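# Examining the three-dimensional arrangement
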Number of protein chains: 2
Amino acid sequence: MEILITELDVKDIRFPTSLLADGSDAMHTNPDYSCAYVTIKTNKEIEGYGLTFTLGRGTEIVVEACKSMFYLVKGQNANEIFAHFGSFWRKLTSEPQLRWIGPEKGVIHLATAAIINALWDLTDVITEEEAVEMLKVNQKDKEKREEILRKTGYPAYTTQVGWLGYSNDKVKELCTKFLALGFTSFKVKVGQNLTDDIRRCQLVRETIGYKNKLMLDANQIWNINESIEWMKQLAKFEPTWIEEPTSPDDILGHLKIANELRSYSIGIASGEMCANRVMFKQLLQARAIDYCQIDSARIGGINEILAVYLMAKKLGVPVCPHAGGVGLCEMVQHLQMWDFICLSVSTENRVIEYIDQQHEHFEDPVIVQNACYMPPISPGYSTKFNENCIKNYSYPNGEKWRNMYEQGLFHKLSD
Amino acid sequence: MEILITELDVKDIRFPTSLLADGSDAMHTNPDYSCAYVTIKTNKEIEGYGLTFTLGRGTEIVVEACKSMFYLVKGQNANEIFAHFGSFWRKLTSEPQLRWIGPEKGVIHLATAAIINALWDLTDVITEEEAVEMLKVNQKDKEKREEILRKTGYPAYTTQVGWLGYSNDKVKELCTKFLALGFTSFKVKVGQNLTDDIRRCQLVRETIGYKNKLMLDANQIWNINESIEWMKQLAKFEPTWIEEPTSPDDILGHLKIANELRSYSIGIASGEMCANRVMFKQLLQARAIDYCQIDSARIGGINEILAVYLMAKKLGVPVCPHAGGVGLCEMVQHLQMWDFICLSVSTENRVIEYIDQQHEHFEDPVIVQNACYMPPISPGYSTKFNENCIKNYSYPNGEKWRNMYEQGLFHKLSD
């Protein structure tokens, strides 16, 4: 079946999460969880859906970048792309004029991710025979692991107990709620105020005890010495990791922090803002991180992510994907389950981030049971929005947005 | 005098340089030298002009990014900005929603540069008294160095002899021409074909001899081992440096290359695609580069560039700015002369890149005499385009562009 890509479309979809302080952290104090949402249309019935996660303002820039890249995809034969996916990916990321405004980082790489993700979503058209052939290696063991996933799922952790903007009562209430749901790993945001961090860590530990895991996340707010000194003060709460202590670009800085904090049994986690595979390579090579947090919408789509999984496997660093943003849970579940079935074949020290928001907008949302992601059943990359979502949250003129302007909750910057 | 910023404007300006293969290199095979051009208007007569350099396609994305950032500048008091320029810069680069699509890299940082550059251009409104006060430190020595600059200028090197797309005759002709103009440092592009590189290096060395300096530039095309092996083959031509051997993000990779090539007396130069000060810090700290090539339009404007100059000074690495792209020569001359007068107080191992194209479009173009940049006389950052340029080269509907569509030399992608 020859599949020609006939049309591409991109939409600016935003959710007004800043109204509830959902997702707030030390550096991103009022995010509106959003995405640039790409649809690839073909001469057949099938379509591909891909997205890249954003925080509200700036989505319009990523939308513009997606449009600028469409000419590289429109009119192409999808089968040809899949047959030579590596070189097609390099064609996109090496476009000789566009590459200057990256290269392979920031806006242009986020747009690459949205398009590549949509192309992978199209790949459910690979025939069953082809798929079986590809999976034949270690088939026996794979089936065992698939069975485990089908029965118990893949372990998740929750970030929802500790947003900076939440009150203490809300933190305690949420800890209790997620404990009851079966969660054993909990993440708390830190970095704006040490006294307040201590108080909230205490609160969480009092509720979840010391047998469960506590992770901390500073979202890059510190410099190197601050990271070390601040974390020494929080060491008594026995955090499994400190996430993004400093600039995601500072490999040597992460190494210094890691060397200091390992004697306190605190690991270093980073990756959600790691720009590309070259940066990941160095973080892994230098052993500057203990947990590799790939982001399914920041680096250039699945093609580049697979390279990071392979390096992490080779260098013995567990991958614990970043998720929680729009569509990120939907995407990373595929990647992490693939890793378990085919690559690392282990869930030890591995866990997928989970936040239960915006899932209702997808046709095939994640299913989390007993604090585990259950394997997705439908083909594709699980990022197709339902019609209602498009109608309501398209920015700036979706129905919900127009209502919010009328209520004075938001105003359009551009008007 | 209170100066309020009343309006901002951004234009997409493109020059059809791909028609002549000007600016071609191993990775950027057909650039149309372009820029996003920002004008800041005030309640007074003065305006500020700033730009960020691009290669054609993608300029529209940077333009969109500039527009998205305008709300942070419009209505502000310029005096207040200048009084607290550091914190204003951080406000721009830390905008809690926009920062996600960087942070501090790629499109959003290029846009920051255009705006910050335009703000610095406005700073000619600092009173003479204030300026004198600021320059009083080491005033005596400064005057001596200013005098040197006024008499002989700041040494330049030419990149114009060795674009990949040029024929051998053209290379030889240009070497002879630039020798006659007084140039003593020449840069040649390499990396696509070793046999061809050897032939062209031979040709250049035959014309310029071994007393003049030869620099090589691979524009990131190699991996680490290729860099080392390829450069061993070119070592006999005694290059001063190899520029951008590999990914600008690979700090540890540059270090490995540097360690191997230092025994061949070949230095490592990089920086034109270095994303921000954090990346520069590591390149300098690790001594992964021997020449620091700041780019006046890639990192977030003068504010961040000054931080890099200071680190380079502290760590003893000479700064040799990237230039040649639209407006880059105009901007870096200010920076490098400031460095000579106030900071490094030396021109040893330092030289500014020079290419003589697009200067005619500026109201206050660079003046190069005897292969030296002569100090600019007019206030501001020298990046105001003349009216003709705006009329002719605004993209996509400037007069020259419309002519080229009619002649079939270009077609509009977006139509």
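Residue indices follow the written sequence of each chain, beginning from 1 at its first position. Here the convention is simple: chains get letters from A, ligands get numbers from 1, in the order in which they are written. Totals for whole chains, interfaces and linings use all residues, but because this is a predicted model, local features are given only for residues with pLDDT of at least 70 and pairs of side-chain atoms are given and counted only at 80 or more. Excluded from the side-chain calculations are hydrogens and water; all other atoms, namely the structure's heavy atoms, are used.

You'll find chain A entered in an unreviewed UniProt entry as Mitochondrial enolase superfamily member 1, with Melipona quadrifasciata given as the organism. UniProt positions are given in the numbering used here, feature names are shortened, and annotations may be inferred rather than shown by experiment. Note on chain A: under the UniProt heading Cofactor (unreviewed entry), the record states "Mg(2+)".

### Some remarks on the overall build of chain A
The helix and strand labels rest on DSSP assignments: H or I over at least four residues marks a helix, E over at least two residues marks a strand, and numbering proceeds from the N terminus. Of regular secondary structure, chain A possesses 15 helices and 12 strands. Values of the radius of gyration come from C-alpha atoms, whereas the globule rule sets the reference at 2.2 Å times the count of residues to the power 0.38. Here the C-alpha atoms of chain A give a radius of gyration of 21 Å, agreeing with the 22 Å that 2.2 N^0.38 yields for 415 residues. Projected onto its principal axes, the C-alpha positions of chain A cover 60 × 60 × 40 Å. Relative accessibility decides the category of a residue: with a 1.4 Å probe and only protein chains considered, values under 20% of the type maximum give buried, values over 50% give exposed, and everything between is partly exposed. Buried positions account for 60% of the 415 residues belonging to chain A. A contact between two residues is defined here by any heavy atoms of the two lying within 4.5 Å. Look at the contacts in chain A between residues 6 or more apart in sequence, and 74% of them connect residues 24 or more apart. Charged side chains of chain A number 44 positive and 54 negative; the gap between the two group centres comes to 4 Å. In this count, Lys and Arg are taken as positive residues and Asp and Glu as negative ones, while His and the chain termini are left out. Each charge is placed at NZ for Lys, CZ for Arg, CG for Asp and CD for Glu.

### Concerning the interface of chain A and chain B
How big an interface is tends to be expressed through the accessible area that disappears when the partners come together. Counting residues at the interface gives 55 residues for chain A, matched by 55 residues for chain B. Roughly 4,700 Å² is buried in total at the junction of chain A and chain B, and carbon and sulfur atoms are behind 59% of that figure. Here, a salt bridge means any side-chain nitrogen of Lys or Arg that lies within 4 Å of a carboxyl oxygen of Asp or Glu. Run the count over chain A and chain B and you get 6 salt bridges. Ionic pairing is found between Asp249 of chain B and Lys105 of chain A, a salt bridge with its closest N-O pair at 3.0 Å. As used in this structure description, the phrase polar contact means that two N or O atoms lie within 3.5 Å; if the pair is within protein, one of them must be able to donate a hydrogen and the other to accept it, and residues adjacent in sequence are counted only when both atoms belong to side chains. Our count for the chain A to chain B interface comes out at 36 residue pairs in polar contact (both at pLDDT 80 or more). When residues of the side of chain A that touches chain B are traced back to their parent elements, those giving at least two are strand S3 (47-54), helix H1 (59-69), helix H4 (106-122), helix H10 (251-261) and helix H11 (277-285) of chain A. Of the residues forming the side of chain A that touches chain B, the biggest block, 6 residues, is contributed by H1 of chain A. Put simply, Ala, Val, Leu, Ile, Met, Phe, Trp, Tyr, Cys and Pro go in the nonpolar bin, Asp, Glu, Lys and Arg in the charged bin, and everything else, Gly too, in the polar bin. Residue composition of the side of chain A that touches chain B, grouped by class: 26 nonpolar, 16 polar and 13 charged. Note on definitions: buried area is the accessible-area loss of two parts on being combined, 1.4 Å probe, summed for both.

### Things to note about the relation of the copies chain A and chain B
Residues below a pLDDT of 70 in either copy are left out; the C-alpha atoms of the rest, at least 70 in both, set the least-squares superposition of the copies. Overlay of chain A on chain B (RMSD 0.0 Å): rotation 180°, translation along the axis 0.0 Å. Interpreted geometrically, this transformation is the action of a two-fold axis. Among all C-alpha atoms of chain A, that of Gly106 of chain A lies closest to the rotation axis, at 2.5 Å. When the interface residues of chain A are mapped onto chain B, 100% of them again fall at the interface, so both copies present the same face.

### Side note on the sheet that holds S3 of chain A
Residues and elements named next belong to chain A. Pairing within the open sheet is antiparallel, and its 3 strands lie in the order S1-S2-S3. Of all the strands in the sheet, the pair left with one neighbour each is strand S1 (5-14) and S3. Between one strand and the next, the sheet's axes are offset by a mean angle of 15°, whatever the strand orientation. Sheet topology places S1 next to strand S2 (residues 34-42); 9 bridges connect them, and they run antiparallel. When the sheet's bridge partners are listed, Leu8 is paired in S2 with Ile40. Fitted lines through C-alpha atoms serve as axes, helices being fitted only where they are in contact, and the angles separating the N-to-C directions of these axes extend from 0 to 180 degrees. Sheet contacts for H1: S1, S2 and S3; angle to S1, the most-contacted strand, approximately 175°. Paired strands, in this sense, are two strands between which DSSP finds at least two bridges.

### Some points on unusual backbone geometry
Residues and elements named next belong to chain A. Cis geometry is found at the peptide bond from Gly102 to Pro103, where omega equals -20°. Between Tyr395 and the following residue, Pro396, the backbone shows a cis peptide bond with an omega angle of 10°. On the secondary structure map, Pro396 appears in the loop between helix H14 (387-393) and helix H15 (399-406). Even without being glycine, Asn349 reaches a positive phi, approximately 60°. Structurally, the position occupied by Asn349 is in the loop between helix H13 (328-343) and strand S10 (352-354).

### A closer look at the nonpolar core
Here the nonpolar core consists of buried residues drawn from Ala, Val, Leu, Ile, Met, Phe, Trp, Tyr and Cys, with membership extended through side-chain atoms lying within 4.5 Å. Grouped together as the largest cluster of nonpolar side chains are 259 residues, with contacts concentrated most on Leu119 and Phe385 of chain A together with Leu119 and Phe385 of chain B. Leaving out residues up to four positions away in the same chain, Leu119 of chain A has contacts with Ile5, Ile40, Ile81, Phe82, Phe85 and Phe88 of chain A.

### Regarding helix H12 (residues 301-315) of chain B
Residue and element names in this part refer to chain B. For a helix, the expected span equals 1.5 Å multiplied by the number of residues minus one. For H12, with 15 residues, the first-to-last C-alpha span of 22 Å sits near the 21 Å given by 1.5 Å per residue. Every buried residue of H12 is accounted for by Gly301, Ile302, Asn303, Glu304, Ile305, Val308, Tyr309 and Ala312. Gly316, located one to two residues past H12, shows a positive phi value of around 70°.

### A closer look at the sheet that holds strand S2 (residues 34-42) of chain B
Residues and elements named next belong to chain B. Taken together, the 3 strands give an open sheet; going across it, the order is S1-S2-S3, and neighbouring strands pair in antiparallel fashion. Each of the sheet's edge strands pairs with one partner strand only, and the pair in question is strand S1 (5-14) and strand S3 (47-54). Geometrically, the sheet is characterised by an average inter-axis angle of 15° between neighbouring strands, direction not taken into account. Sheet strands touched by helix H1 (residues 59-69): S1, S2 and S3. Its angle to S1, the strand with the most contacts, is close to 175°.

### Focus on the pattern of salt bridges
Within the structure shown, the criterion is met by 47 salt bridges over all chains. Its salt-bridge partner being Glu60 of chain A, residue Arg14 of chain A comes within 2.9 Å of it at the nearest N-O pair. Of this pair, Arg14 of chain A sits in strand S1 while Glu60 of chain A sits in helix H1, and the two are 46 residues apart along the sequence. Note that Lys172 of chain B and Glu206 of chain B form a salt bridge whose closest N and O atoms lie 3.9 Å from each other. Of the two residues, Lys172 of chain B sits in helix H7 (residues 168-180) while Glu206 of chain B sits in helix H8 (residues 194-208), which places them 34 residues apart along the sequence.

### What to know about the packing of H11 of chain A against helix H12 (residues 301-314) of chain A
If you want to describe how two helices pack, look at the angle between their axes and the distance between the axes. Residues and elements named next belong to chain A. In contact at an axis separation of 10 Å, H11 and H12 are set at 10° when each is read in the N-to-C sense. Considering the angle they form, H11 stands roughly parallel to H12. Residues Arg277, Phe280, Lys281 and Leu284 of H11 form the contact with H12, whose own contacting residues are Glu304, Val308, Met311 and Ala312. A class-by-class count of the residues in the contact of H11 with H12 yields 5 nonpolar, no polar and 3 charged. In these notes the angle categories are as follows: under 35 degrees is roughly parallel, over 145 is roughly antiparallel, 65 to 115 is roughly perpendicular, and the rest is oblique.

### Comments concerning the domain arrangement of chain A
Residues and elements named next belong to chain A. For chain A, the assigned domains read domain 1 (5-129 + 386-406) and domain 2 (137-374). The straight-line distance from the C-alpha centre of domain 1 to that of domain 2 is 24 Å. The interface of domain 1 with domain 2 comprises 34 residues on the first partner and 37 residues on the second. Taken together, the connections running from domain 1 to domain 2 amount to 1 salt bridge. Taking the shortest distance from any N to any O, the salt bridge between Glu104 and Arg277 comes out at 2.4 Å. Our count for the domain 1 to domain 2 interface comes out at 9 residue pairs in polar contact (both at pLDDT 80 or more). Looking at the side of domain 1 that touches domain 2, the elements with two or more residues in it are S2, S3, helix H3 (85-93), H4 and H14. Take the side of domain 1 that touches domain 2: its biggest share by element is 7 residues, from H4. An automatic or database domain assignment provides the domain bounds reported here.

### Some words on the UniProt feature "domain: Mandelate racemase/muconate lactonizing enzyme C-terminal" (unreviewed entry) in chain A
In the numbering adopted here, UniProt assigns the feature "domain: Mandelate racemase/muconate lactonizing enzyme C-terminal" (unreviewed entry) to residues 168-262 of chain A. Taken as a whole, residues 168-262 of chain A contains 53% helix and 14% strand, while its terminal C-alpha atoms sit 30 Å from one another.

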